[in-house]
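One letter stands for each residue in the lines below.
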Amino acid sequence: MLPKAVLFDFDGILVDTEGAIFEAWKRTFERHGKELSLDLYTKCIGSDFDAWSPKVHLEELTSLQFDWLEMDEARQVEIRAALEEYGPIEGVIDLLEEIQSRGIPMAVVSSSAHPWVDGWLDKLGLRRFFDHVICKGDAPRIKPAPDLYLAGAKVVGMEPEGCLVFEDSLNGLNAAIAAGMKAWIVPNRVTAGLDFSQAAKVLPSFTAARDELFKC
């Protein structure tokens, strides 16, 4: 049975932003003679630095305090430059077009802020697929709390159990499960090593996801 609605995470699902962001943070650590492991960094993917903070970690490692406003601005320049040549993740356009052709409502549900998500959706021409965009600030708590996904279900007018979620992170998976939704994971190069055993499905690509969703 097809879902009543499909909710997509943004970072690492529609665009491979996660890899560029992680590489920028790695360079920040390396400039101060420290290493940032992927195992540690994945704790904040899909959420924010309340879950785990690379800023706090670097200050603890170096016993220094940094001007994060200036460093954040420089890092954002690096990230945006790295992403300039990026398009949507391979296979996702075909999946979005197929879902849209079936008349199934879709929404983006992200822990990131609207300017970041909305900007990339517009830049990459993805806005046309989504009836709604739910971001940080549109619900009391971000992932791994269920609030954003529950808000997503509400705006598309469906019960949570009728929604299918596409995620790439443990924080996102836990949010979907807490919201009572089925979650399919399509890992990216940053999250591929995580334990997604609680997901309904783990798929290697969006082409595989499309085939699985519409196999009937």
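Residues numbered from 1 in each chain as written. Predicted model: local features only at pLDDT ≥ 70, side-chain atom pairs only at ≥ 80, totals over all residues. Heavy atoms only, no water.

(A) Quick peek at helix α1 (residues 17-30). For α1, which comprises 14 residues, the first-to-last C-alpha distance of 20 Å matches the rise-based estimate of 20 Å (1.5 Å per residue) to within 8%. Counting buried positions along α1 gives 10 out of 14 residues, so the element sits mostly inside the fold. Among the residues of α1, T17, E18, G19, A20, I21, F22, A24, W25, T28 and F29 are the ones counted as buried. You can read the cap of α1 off the contacts: a side-chain oxygen lies 3.5 Å from the backbone nitrogen of G19, and it is on D16. (Helix = DSSP H or I, 4+ residues; strand = E, 2+ residues; numbered from the N terminus. Expected span 1.5 Å × (residues − 1). Buried < 20%, exposed > 50% of the residue type's maximum accessible area, 1.4 Å probe, protein only. Polar contact = N/O pair within 3.5 Å; in protein donor to acceptor, adjacent residues only side chain to side chain.)

(B) Fine view of the sheet that holds strand β4 (residues 163-167). If you trace the 6 strands from one edge of the open sheet to the other, you get β3-β2-β1-β4-β5-β6, paired in parallel fashion. Only two strands of the sheet have a single neighbouring strand rather than two, namely β3 (132-134) and β6 (201-202). Where strand β5 (residues 182-185) meets β6, 2 bridges bridge the pair, whose relative direction is parallel. The partner of I185 across the bridge, within β6, is V202. On top of the sheet, helix α7 (residues 147-156) reaches β1 (5-8), β2 (106-109), β3 and β4; it is set at about 160° to β3, its chief contact. (Pairing = 2+ DSSP bridges. Contact = heavy atoms within 4.5 Å. Axes fitted to C-alpha atoms, helices over the stretch in contact; angles between N-to-C directions.)

(C) Region of interest: the environment of K43. Mapped onto the elements, K43 comes out in the loop between α2 (38-41) and α3 (54-62). Under the relative-accessibility criterion, K43 is labelled partly exposed at 46%. The spatial distance from the C-alpha of K43 to the C-alpha of N171 is 7.8 Å, given a sequence separation of 128 residues. Leaving out residues up to four positions away in the same chain, K43 has contacts with A51, W52 and N171.

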